[in-house]
Amino acid sequence: MMGTRVGMEVSIAVSHAVQLARAEAIAAYPITPQTHIVEHLSSLVANGELEAEFVNVESEHSALSTCIGMSATGARTFTATSSQGLALMHEILFIASAMRFPIVMAVANRALAGPLSIWNDHSDIMAARDIGWIQVFVENGQEAFDHTLMAFKIAENHKVILPIIVNMDGFILTHVVESLELLDQDTADRFLPPYHARHRLDPQNPVTMGAFAMPELFTEVKMAHQMALVNSYDRILKVWKEFGDLTGRHYQPVEHYKTEGAKVLLLTMGCLGEVAEVAVDEMRAAGEKVGLLKLRMWRPFPFTDLREAMGGAKLLIVCDRALSLGGAAPPVLAEVRSTFYAANPKLQILGYVVGLGGRDVPPETFKEIVAQAQTEAKQGPSQEYHIFGVRG
Amino acid sequence: MDKFGFAQSQKFDTYASRLMPREEYFTSGHRSCQGCGEALAVRWVCKAIGKDAIIAHATGCMEIVSSGMPQTAWLNPWIHVAFENTAAVASGVEAGLKILTRKGKLTGPMPKVVAMGGDGGTSDIGLQALSGAMERGHNFTYFCWDNEAYMNTGIQRSSSTPYGAMTTTSPPGKMSIGQATQKKNMMAIAVAHGIPYVATASPSYLFDLYFKVRKAIETPGPAYVHVLSVCPTGWRSATELSVRLGRLAVETGVFPLYEVVDGRYRLTVEVPKLRPVRDYLKPQGRFRHLRSKEIDFIQRHTLAQYELLLQKCQALYPEFPSVSPSAEEEGQ
């Protein structure tokens with residue numbers, strides 16, 4: 001028996017994955033709704049159950065900066081944040097990936113102020129989509145646990161060496177108790193061997209890290225970063241497959257739900273997927289040919305998987321949980337449209353923004369959106385995209 | 001004694017300069033300006049910290065002149081991340097070394113952890129990260145290269161710019177005397193954190209600087225060393241006067257050399273009779289616009305500050321218990 005099934009708060013499960021990964025260095029600053037993750041890690045360290053240095057920094061900017069210092073010595077490094085904290089880190093997010101530090105970060109997705117909101121949406125991470133990190137979204141507690149553990153193996157792969165963010169919806173995922181299957185330490189150790197940094201700060205072999213680049217070199221460095229991120233795709237899938245073979249839980253860049261024969265496809269990210277499944281079940285039962293795609297891999301963007309996922313569908317409805325105020329489209333819609341612009345110009349793609357700042361998204365919302373979108377698809381879209389359910 | 005106080009410098013002869021390390025860790029070929037007091041300070045600080053040290057450096061003059069990809073002037077392992085976070089990066093380096101040593105992944109004595117930044121990166125934008133790192137008690141030494149303005153971006157004022165100085169963002173004019181505020185007292189801020197070692201230093205007093213650096217890096221816990229770095233480009237002074245201006249800063253009482261060990265102040269370079277501040281201000285173009293009344297104000301302010309420092313040096317300090325009950329037991 002390799003794993004045990006337990007009921008556990010998802011934040012605790014994430015901390016447990018970090019413990020199983022034998023993370024060595026953690027720096028974090030409290031922010032709701034990420035706090036339970038680092039609180040639990042603090043107590044694991046305080047009780048000697050996790051042999052690690054836990055640094056209580058004075059801001060998120062310093063949290064990530066400290067993680068960079070930790071990772072530069074060759075320590076396996078973890079942090080977690082949310083919303084304003086991720087925004088405060090913004091400057092350092094780009095540097096962490098450009099300097100190729102395999103830091104693992106859990107982001108409990110929460111709305112960015114203003115107005116201040118502690119509740120869930122994706123505006124925090126969408127403001128950080130171009131930071132050059134690997135980014136995945138999880139849908140439930142099991143996935144949060146699995147992907148946190150796998151993240152270390154992906155990030156530290158010598159052909160990858162990039163930081164990685166595991167996105168999990170704040171409160172509606174992080175704070176719920178779910179039934180999930182854990183791994184035992186031996187299995188985790190076999191899956192994830194100790195980290196050996198190729199380059200580290202070492203007086204016996206001194207290196208200069210973080211040199212600046214003149215125009216003659218800057219573009220080449222960015223290209224190398226781009227190639228590393230794009231090429232990480234194969235390694236990510238390899239790690240997911242290895243984990244799948246080990247646990248029976250297989251993951252794909254784009255997950256399919258009842259897509260066979262679907263004429264209309266919904267696309268969601270994060271834990272809206274499970275709600276949308278309920279709606280799809282009900283619509284299917286009513287004879288509607290509706291299916292669901294769940295975008296798990298956000299960076300690198302899985303173009304091919306998404307194109308192949310269309311099958312014979314004529315209408316794709318993208319559900320965003322963030323805005324690009326005054327822009328051409330909300331973030332996910334913009335990328336999806338770009339994905340199909342040349343590849344499948346006949347595909348109709350409509351966008352709906354839902355669930356901002358903790359606004360509840362019940363199954364009925366998806367049913368209403370599908371009905372509205374089908375009408376729009378026939379008559380032609382009335383606007384570029386909709387912010388669904390705005391009152392007044 | 002000549003106009004610039006050469007007599008004071010004669011006491012250098014009492015030190016054995018031949019015993020100083022010949023090894024260079026901040027090597028030639030970097031792109032600092034002619035007469036850069038900061039580069040001189042960095043070079044000697046690196047000699048003092050030696051090979052077994054890891055340096056985190058803030059964005060700023062010394063980073064820009066020394067680390068243009070694919071070249072480097074640093075023979076120590078060195079990391080630059082951003083402007084305001086170098087104390088946080090150093091915190092991480094120290095924590096990483098600690099855990100890897102504890103787990104047996106690193107063997108041998110732990111390398112010294114050093115953070116360096118300019119006065120902007122220290123007293124302005126990096127103050128929060130530095131305060132956090134000092135409060136948490138990381139075993140590291142922070143060096144502030146204080147050239148008293150944002151020289152790298154073109155001589156803009158910082159909170160470390162002295163009263164009356166002309167910078168590109170504190171220009172003198174009909175409505176302005178130049179910098180209108182007094183220089184931020186970073187030393188007092190560092191001391192207020194209760195850290196075990198705090199010192200001022202100057203590359204014009206190399207031996208004083210050298211021994212302070214040795215003390216700072218050997219002190220367990222956080223240490224802070226504030227180095228006055230003469231900047232001919234920003235101070236509008238002759239390049240050949242850099243070392244001399246550093247001495248004049250000390251001899252006029254503008255930048256006294258002292259250390260604060262476990263909260264106790266001590267002057268390390270005593271100046272029996274302070275020279276008038278005019279001697280220090282006059283060779284610098286950044287003070288050229290000052291009239292007698294402002295110079296007189298600076299004089300009075302300098303003397304008052306100096307007197308306050310002397311009083312701190314003469315104060316009677318109570319005995320404090322050690323850092324923790326367990327540390328006290330170990331000490332007994």
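Cut-offs and rules
- Residues numbered from 1 in each chain as written.
- Chains lettered and ligands numbered in written order.
- Predicted model: local features only at pLDDT ≥ 70, side-chain atom pairs only at ≥ 80, totals over all residues.
- Helix = DSSP H or I, 4+ residues; strand = E, 2+ residues; numbered from the N terminus.
- Rg over C-alpha atoms; globule rule 2.2 N^0.38 Å.
- Buried ≥ 20, exposed ≤ 12 C-beta atoms within 10 Å, placed from the backbone.
- Contact = placed C-beta atoms within 7 Å.
- Pairing = 2+ DSSP bridges.
- Nonpolar A, V, L, I, M, F, W, Y, C, P; charged D, E, K, R; others polar.
- Expected span 1.5 Å × (residues − 1).
- Bend = angle between axes of the 7 residues up to and from the residue.
- Axes fitted to C-alpha atoms, helices over the stretch in contact; angles between N-to-C directions.
- Parallel < 35°, antiparallel > 145°, perpendicular 65-115°, else oblique.
- Left-handed = near helix turned anticlockwise from the far one by under 90°.

Would you explain the overall build of chain A in this entry?
Helix and strand content of chain A: 13 helices and 16 strands. Relative to its length of 392 residues, chain A is compact, with a C-alpha radius of gyration of 21 Å against a globular reference of 21 Å. Along the three orthogonal principal directions, the C-alpha set of chain A runs to about 70 × 55 × 40 Å. By the burial criterion, 53% of the 392 residues in chain A qualify as buried. Excluding contacts between residues fewer than 6 apart, the proportion of contacts in chain A whose partners are at least 24 apart in sequence is 81%.

Please explain the overall build of chain B as it appears in this structure.
Within chain B, the secondary structure is distributed over 13 helices and 10 strands. What you see for chain B is a C-alpha radius of gyration of 20 Å, in line with the 20 Å of a compact globule of 332 residues. Considering only C-alpha atoms, chain B reaches an extent of 65 × 55 × 45 Å along its principal axes. The 332 residues of chain B split such that 50% are buried.

Before we go on, may I ask you to explain the sheet that holds strand S15 (residues 348–353) of chain A in this structure?
Residues and elements named next belong to chain A. Overall, mixed pairing links the six strands, which are arranged S10-S12-S11-S14-S15-S16 in an open sheet. The sheet terminates laterally at strand S10 (254–257) and strand S16 (386–387), the two strands that pair on one side only. As defined by bridge partners, S10 adjoins strand S12 (residues 290–295) across four bridges and the pair is classed as antiparallel. Looking at S12, one finds that Tyr 257 is bridged to Leu 292.

Got a minute to help me understand the interface of chain A and chain B in this structure?
Many authors give the size of an interface as the accessible area that is lost as the parts come together. In this assembly, 38 residues from chain A lie in contact with 39 residues from chain B. Contributions of two or more residues to the side of chain A that touches chain B are made by strand S2 (25–28), strand S3 (53–56), helix H3 (60–72), helix H5 (90–98) and strand S9 (208–209) of chain A. In terms of residue count, H3 of chain A provides more of the side of chain A that touches chain B than any other element does, nine residues in total. Its residues placed into classes, the side of chain A that touches chain B shows 22 nonpolar, 10 polar and six charged. In this sheet, strand S2 (residues 78–80) of chain B lies alongside S9 of chain A in parallel orientation, the contact comprising two bridges.

I tried to follow helix H7 (residues 141–156) of chain A on my own but got confused; where do I start?
Since there are 3.6 residues in each turn of an α-helix, residues three or four apart along the chain are aligned in direction. Residue and element names in this part refer to chain A. With 16 residues, H7 extends 23 Å from end C-alpha to end C-alpha; this agrees with the ideal 22 Å at 1.5 Å per step. Of all the bends in H7, the greatest measures close to 25 degrees and is centred on Met 150. Most of H7 sits out of view: 15 of its 16 residues are buried.

Even after reading the chapter, I still don't get the packing of helix H2 (residues 37–49) of chain B against helix H8 (residues 206–218) of chain B, so can you show me in this structure?
A pair of packed helices is captured by two measures, namely the crossing angle of their axes and the spacing between those axes. Residue and element names in this part refer to chain B. Contact geometry of H2 with H8 gives a least axis separation of 9 Å together with a crossing angle of 45 degrees. Between H2 and H8, the angle is such that the two are oblique. Note that H2 runs across H8; the crossing there is right-handed. Taken together, the residues of H8 that come into contact with H2 (itself represented by Trp 44, Val 45, Ala 48 and Ile 49) are Leu 206, Leu 209, Tyr 210, Val 213, Arg 214 and Ile 217. Among the residues forming the contact of H2 with H8, the class breakdown is nine nonpolar, no polar and one charged.

Note that all results are geometric; they support no functional claim without further evidence.
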